[in-house]
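An overview of the molecular structure
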Amino acid sequence: MVCFQKVKKFCTCEKIRFNPVFKSSKPFLIASRMQVASLEKIEEKLKKYEESIGLEFHPFCIGWYNDRVSGNFILDYPKDTLAFCVISTPRFFEKSFLPFVKNHEFSMNDPFDQCMISNYQNIKEDFDATIDVIHDFELHSNRRPKILTQTAGHVSGAAFYYQRKDVVDENSRWNGKKVFGVSNHPKYGGWFGFRGALIFKNHSASFLEYKEPEDLLSNEKKIELLEKFNFSWQDWTFRDVANESGERYSDLQKQYFRCKPSERKELLNDFFLEKS
Ligand code: B12
């Protein structure tokens, strides 16, 4: 779901007047047009991966993310840096993961993570740009996640991140209880996964305009979503609270994620043995 709507009309008067880098408005105008053209090129290339392997890429400015999170989660890039929040749709498992498993030896504990590392390697090779990748599963040495994907998902418009503060009268409902937030995709509901972010270090996204994702859920639905995610996530029902597309994970995909990581390779071996 490549998003062009966020591109601002070029150069507001304020930007021209207050931009300290350029003495006149003309060079800034040219720079902005080049930036927009280069974003369009990047999105065009990424679209190929959306179609072939079922990933989605949603652009955002690092500053939008950093403005939301507390100090210890700040991403250390200039605020205008262009980044993409990456998510896997329900199709990713069959389109990318199973073919990957069929053709590769496992070198990591989690073949799914290995598959994403390989996909990002291909994407990086496809661009001349210097790209940093932060995976959803990456942790700092103190076990803190390197990126909060739900916040990235929200600011990029990929999926609304519902937190307890979004519910009316949350305290009387969940007094004293820990309630984790959950993201809802406008098309797939909960049937998707965050796969981290791509950061185009040399690209400015200062011309992108921030737009809040649409809050599609009533207060009752938000409560249902948060309660199912927190108190009965094992039955998968939180994913169906607002699933517009009707698309879900296949039985094999569900079985895979239900398995303990140590049993996943065996499950896949059995699956391919049965098919051969
Ligand atoms: C650690 C972790 C867990 C821990 C703790 C959960 C937690 N949220 O803290 C445990 C092990 C319990 C867990 C469990 C599960 N998890 Co988990 N988990 C993570 C992980 C790796 C990091 C989350 C984290 O540490 N957050 C830290 C806290 C502090 O962040 P926070 O509460 O969002 O606070 C920030 C925001 O509030 C932000 N902020 C402040 N103001 C505002 C305002 C706005 C508008 C916004 C947008 C943000 C914002 O600032 C705060 C930080 O300063 C993420 C992947 C990732 N890298 O993000 C997956 C992730 C959250 N988990 C996920 C899932 C699916 C699960 C499980 C269902 C199991 C599973 N894997 O199938 C269960 C369900 C939860 C449960 N009932 O137990 C998914 C959620 C998908 C979704 N739709 O939202 C994620 C995103 C993984 C993924 N790759 O998709 N998980």
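Just above, that's the structure.
Residues numbered from 1 in each chain as written. Predicted model: local features only at pLDDT ≥ 70, side-chain atom pairs only at ≥ 80, totals over all residues.

**Looking at the overall build of the chain**
Secondary structure assignment for the chain yields ten helices and six strands. Looking at the 276 residues of the chain, the share that counts as buried comes to 32%. Of all intrachain contacts in the chain linking residues separated by at least 6 positions in sequence, the fraction that spans at least 24 positions is 72%. (Helix = DSSP H or I, 4+ residues; strand = E, 2+ residues; numbered from the N terminus. Buried ≥ 20, exposed ≤ 12 C-beta atoms within 10 Å, placed from the backbone. Contact = placed C-beta atoms within 7 Å.)

**Some points on the site of the ligand**
Surveying the vicinity of the ligand reveals 24 residues, the closest of which are Ser70, Thr149, His154, Ser183 and Phe194. Listed by contribution, the elements that provide at least two residues to the shell around the ligand are helix H6 (149–156), strand S5 (182–184), strand S6 (193–204) and helix H8 (219–231). In terms of residue count, the dominant contributor to the shell around the ligand is H6 (four residues). Its residues placed into classes, the shell around the ligand shows eleven nonpolar, eleven polar and two charged. (Near = placed C-beta within 6 Å. Nonpolar A, V, L, I, M, F, W, Y, C, P; charged D, E, K, R; others polar.)

**Some words on the nonpolar core**
Ranked by internal contacts, the top residues of the largest apolar core, which has 57 residues, are Ala83, Cys85, Val86, Ala152, Ala197 and Leu198. Take this core: its biggest share by element is six residues, from strand S2 (residues 81–88). Apart from residues lying up to four places away in sequence, leucine 198 is in contact with Ala83, Phe84, Val86, Ile123, Ile131 and Val133. (Core = buried A, V, L, I, M, F, W, Y, C linked by C-beta atoms within 7 Å.)

**Side note on the environment of glutamate 209**
With respect to the helices, strands and loops of the structure, glutamate 209 is situated in the loop between S6 and H8. Along the chain, glutamate 209 and phenylalanine 60 lie 149 residues apart, while their C-alpha atoms are 9.1 Å from each other.

**Section: the sheet that holds strand S1 (residues 55–61)**
The strand order across the open sheet formed by four strands is S1-S2-S6-S3, and the pairing between neighbours is antiparallel. Here the strands that pair on one side only, and so sit at the sheet edges, are S1 and strand S3 (131–134). Sheet twist, expressed as the average angle between the axes of neighbouring strands with direction ignored, equals 25°. Of the pairings in the sheet, the one linking S1 to S2 comprises seven bridges and is antiparallel in character. Bridge pairing in S2 links cysteine 61 to leucine 82. (Pairing = 2+ DSSP bridges. Axes fitted to C-alpha atoms, helices over the stretch in contact; angles between N-to-C directions.)

**A short note on the packing of helix H4 (residues 92–103) against helix H5 (residues 111–126)**
Contact pair H4 / H5: the axes reach a minimum separation of 10 Å and the direction vectors enclose 100°. Accordingly, the angle class assigned to the pair H4 and H5 is roughly perpendicular. Between H4 and H5, the residues in contact are Ser96, Phe97, Phe100 and Val101 and Pro111, Phe112, Cys115, Ser118 and Asn119, respectively. A class-by-class count of the residues in the contact of H4 with H5 yields six nonpolar, three polar and no charged. (Parallel < 35°, antiparallel > 145°, perpendicular 65-115°, else oblique.)

**Topic: the pairing of S2**
Burial within S2 is extensive, with eight of its eight residues counted as buried. Burial along S2 is two-sided: the face carrying Thr81, Ala83, Cys85 and Ile87 and the face carrying Leu82, Phe84, Val86 and Ser88 are both buried. Pairing analysis gives seven bridges linking S2 to S6, with the strands arranged antiparallel. Across the sheet, alanine 83 pairs through a bridge with isoleucine 199, a residue of S6.

**Looking at the environment of isoleucine 42**
Mapped onto the elements, isoleucine 42 comes out in helix H2 (residues 25–53). Between the C-alpha atom of isoleucine 42 and that of phenylalanine 127, which follows or precedes it by 85 residues, the distance is 8.2 Å.

**A few points about unusual backbone geometry**
Phi at arginine 143 takes a positive value of approximately 75°, unusual for a residue other than glycine. Structurally, arginine 143 is set in the loop between S3 and H6.

**Here we look at H8**
The terminal C-alpha atoms of H8, which comprises 13 residues, lie 18 Å apart, in line with the 18 Å expected from a rise of 1.5 Å per residue. Among the residues of H8, those classed as buried are Lys222, Ile223, Leu225, Leu226 and Phe229. Summarising the axial view, the buried residues of H8 lie within an arc of 165°, below the 170-degree limit, and thus occupy one face. Across H8 from its buried face, at more than 90 degrees, point the exposed residues Glu220 and Phe231. As for H8, its buried residues are in contact with strand S4 (160–162) and S5. (Expected span 1.5 Å × (residues − 1). Arc of directions from axis to C-beta.)

**Re the environment of leucine 268**
Checked against the element boundaries, leucine 268 lands in helix H10 (residues 261–275). Residues leucine 268 and proline 111, 157 residues apart in the sequence, show an inter-C-alpha distance of 9.8 Å.

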